[in-house]
Amino acid sequence: MEKLQQDIHQLLGIKLTPRQLSALECYEKELLEWNKRFNLTAIRQIDNIRTKHFLDSLSCLLVMKEKMPTSLVDIGTGAGFPGIPIKIICPNIRLVLVESVGKKAEFCRHIVNLLGLEQVEVVQARAEEIGQSPKYREQFDWAVARAVAKLPTLVEYLLPLVRIGGSVLAQKGESGPAEAHSAENATRILGGQLRTVRQVDLPGLAEDRYLVVIDKVAATPPRYPRRVGVPSKNPLR
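Attention here is on the structure that accompanies the text. Values in this document were obtained by computation on a predicted structure and should not be read as measured data.

Secondary structure summary: the chain contains 11 helices and 7 strands in total. Relative to the compact-globule value of 18 Å for 237 residues, the chain shows a C-alpha radius of gyration of 17 Å, a close match. Its C-alpha atoms give the chain principal-axis dimensions of roughly 45 × 35 × 30 Å. Taken across its 237 residues, the chain has 57% of its residues classed as buried. In the chain, 70% of the contacts between residues at least 6 apart in sequence involve partners at least 24 apart. Carbon together with sulfur atoms contributes 49% to the accessible area of the chain, which is approximately 10700 Å² in total. The positive charge centre, built from 33 side chains, and the negative charge centre, built from 26, are 5 Å apart in the chain.

This is how it looks when you write it as structure tokens:
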């Protein structure tokens with residue numbers, strides 16, 4: 001874990017506490033163990049887990065640290081990324097993890113309980129359902145997602161969940177700038193405004209990574225998100 005500590009310091013300028021490092025180590029161990037029985041993630045080597053899951057998740061803090069969230073929703077979290085690593089580093093945030101696949105949601109609950117993480121809710125549901133729920137709609141400072149959908153679809157999942165003045169963060173690969181451009185109209189329709197497309201250089205990772213940040217400047221019209229399956233089949237143009 002020493003190299004991970006160094007990489008996090010290089011990326012974010014912060015040093016993790018022994019408790020935070022221990023939590024990440026426990027998380028890693030459980031992920032490897034559960035992956036023997038369930039296909040939680042295709043990333044199975046320890047070095048790759050630390051770079052492509054932990055470090056990549058924590059790169060979100062590069063754009064969040066100017067205005068740290070008090071509440072965050074992670075859509076399509078899978079095995080808990082990026083939400084749980086962010087919660088480990090920022091223990092005071094309220095976190096909602098949304099995952100439609102039962103075994104992945106079960107793993108997230110297991111990790112939350114094992115690490116004793118407070119103010120964390122795991123919801124097994126589709127993004128379209130959550131976005132129309134009064135309990136969650138326009139309730140969060142930040143909505144985040146990684147490797148869930150192309151941005152014209154993703155903004156329809158995320159922007160309804162964020163309060164006016166909050167922000168959406170999409171973690172993207174090399175297609176990030178092009179996707180941000182293609183989602184401009186959808187973003188406007190849903191009450192958003194593109195703030196930045198920030199390139200991130202992760203230590204030990206050659207691939208391009210981008211953080212696409214969209215600010216919520218107006219209320220999302222009530223009809224969005226549309227019913228389950230429609231945003232992916234018929235993205236807003």
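Back to the write-up after that little detour.
Helix length check: helix H2 (residues 18–35), at 18 residues, gives a terminal C-alpha distance of 26 Å against a target of 26 Å (1.5 Å per residue), a fit within 8%. Listed as buried for H2 are Gln 20, Leu 21, Ala 23, Leu 24, Tyr 27, Glu 28, Glu 30, Leu 31, Trp 34 and Asn 35.

We now examine a negative patch on the surface. On the surface, Glu 174, Asp 201, Glu 207 and Asp 208 cluster together into a patch of negative charge. Exposure remark for Asp 201: the relative accessible area of 62% places this residue in the exposed category.

Below, the discussion takes up the state of the cysteines. All chains considered together, the criterion is met by 0 disulfides. With no disulfide of its own, Cys 60 lies 10 Å from the sulfur of Cys 90, the closest cysteine sulfur. Free of any disulfide, Cys 108 has its nearest cysteine sulfur in Cys 26, 14 Å distant. The exposure class of Cys 108 is buried, given its relative accessible area of 0%.

As a packed pair, H2 and helix H6 (residues 102–115) sit with axes 11 Å apart at the nearest point and diverge in direction by 145°. Viewed along their axes, H2 and H6 form a crossing whose handedness is right-handed. On H6, the residues touching Ala 23, Cys 26, Tyr 27, Glu 30, Leu 31 and Trp 34 of H2 are Lys 103, Glu 106, Phe 107, His 110, Ile 111, Leu 114 and Leu 115. The residue makeup of the contact of H2 with H6, split by class, is 9 nonpolar, 1 polar and 3 charged.

This part is about the packing of helix H1 (residues 2–12) against helix H3 (residues 46–58). Two elements in contact, H1 and H3, have axes whose closest approach is 10 Å; the angle formed by their N-to-C orientations is 35°. With respect to the hand of their crossing, H1 and H3 are arranged in right-handed fashion. Note on element contacts: H3 touches H1 through Arg 50, Phe 54, Leu 55 and Leu 58, opposite Leu 4, Asp 7, Ile 8, Leu 11 and Leu 12. Here the residues of the contact of H1 with H3 sort into 7 nonpolar, no polar and 2 charged.

So, about the nonpolar core. Counting 50 residues, the largest nonpolar core has Ile 88 and Leu 169 as the members making the most contacts within it. Among residues more than four places away in sequence, those in contact with Leu 169 are Cys 60, Val 63, Met 64, Trp 142, Ala 143, Val 144, Ala 145, Leu 158, Leu 211, Val 212 and Val 213.

All right, on to the packing of aromatic side chains then. Going through the model one piece at a time under the given rule, you end up with 6 aromatic pairs. Ring geometry for Trp 34 against Phe 38: centres 5.8 Å apart, planes inclined by 50°, an arrangement best described as tilted. Taking the relative accessible area as the measure of exposure, Trp 34 reaches 8% and is therefore buried. Among the aromatic residues, those joined into a ring-pair cluster are Tyr 27, Trp 34, Phe 38, Phe 54, Phe 81 and Phe 107. Over the ring of Trp 34 we find Arg 37, and its NZ or CZ is 5.1 Å from the ring centre.

What follows is about the pattern of salt bridges. Considering all chains together, one arrives at 14 salt bridges under this definition. The salt bridge involving Arg 126 is made with Glu 128; its shortest N-O contact spans 3.8 Å. Look at the salt bridges and you will find they share partners, linking Asp 56, Arg 146 and Arg 209 into a network.

In spatial order, the strands read E3-E2-E1-E4-E5-E7-E6; together these 7 strands make up an open sheet with mixed pairing. Among the strands making up the open sheet, the edge pair consists of strand E3 (120–123) and strand E6 (192–200). Sheet twist, expressed as the average angle between the axes of neighbouring strands with direction ignored, equals 15°. With 5 bridges connecting them, strand E1 (residues 71–75) and strand E2 (residues 94–98) associate as parallel partners. In the sheet register, Leu 72 faces E2, and the bridge partner there is Leu 95. Here H3 sits on the sheet and contacts strand E4 (140–146), strand E5 (162–172) and strand E7 (209–216); the angle it forms with E4, its principal contact strand, is near 150°.

Calculation notes
Residues numbered from 1 in each chain as written. Predicted model: local features only at pLDDT ≥ 70, side-chain atom pairs only at ≥ 80, totals over all residues. Heavy atoms only, no water. Helix = DSSP H or I, 4+ residues; strand = E, 2+ residues; numbered from the N terminus. Rg over C-alpha atoms; globule rule 2.2 N^0.38 Å. Buried < 20%, exposed > 50% of the residue type's maximum accessible area, 1.4 Å probe, protein only. Contact = heavy atoms within 4.5 Å. Areas by Shrake-Rupley, 256 points an atom, 1.4 Å probe, with all protein chains shown as cover. Lys, Arg positive; Asp, Glu negative; His and termini not counted. Charge placed at Lys NZ, Arg CZ, Asp CG, Glu CD. Expected span 1.5 Å × (residues − 1). Patch = residues over 30% accessible without salt bridge, like charges linked within 9 Å, V, L, I, M, F, W, Y side chains within 5 Å. Salt bridge = Lys/Arg side-chain N within 4 Å of Asp/Glu carboxyl O. Disulfide = S-S within 2.5 Å. Axes fitted to C-alpha atoms, helices over the stretch in contact; angles between N-to-C directions. Left-handed = near helix turned anticlockwise from the far one by under 90°. Nonpolar A, V, L, I, M, F, W, Y, C, P; charged D, E, K, R; others polar. Core = buried A, V, L, I, M, F, W, Y, C linked by side-chain atoms within 4.5 Å. Phe/Tyr/Trp six-rings, centres within 6.5 Å; stacked < 30°, edge-to-face > 60°. Lys NZ or Arg CZ within 6 Å of the ring centre and 35° of its normal. Pairing = 2+ DSSP bridges.

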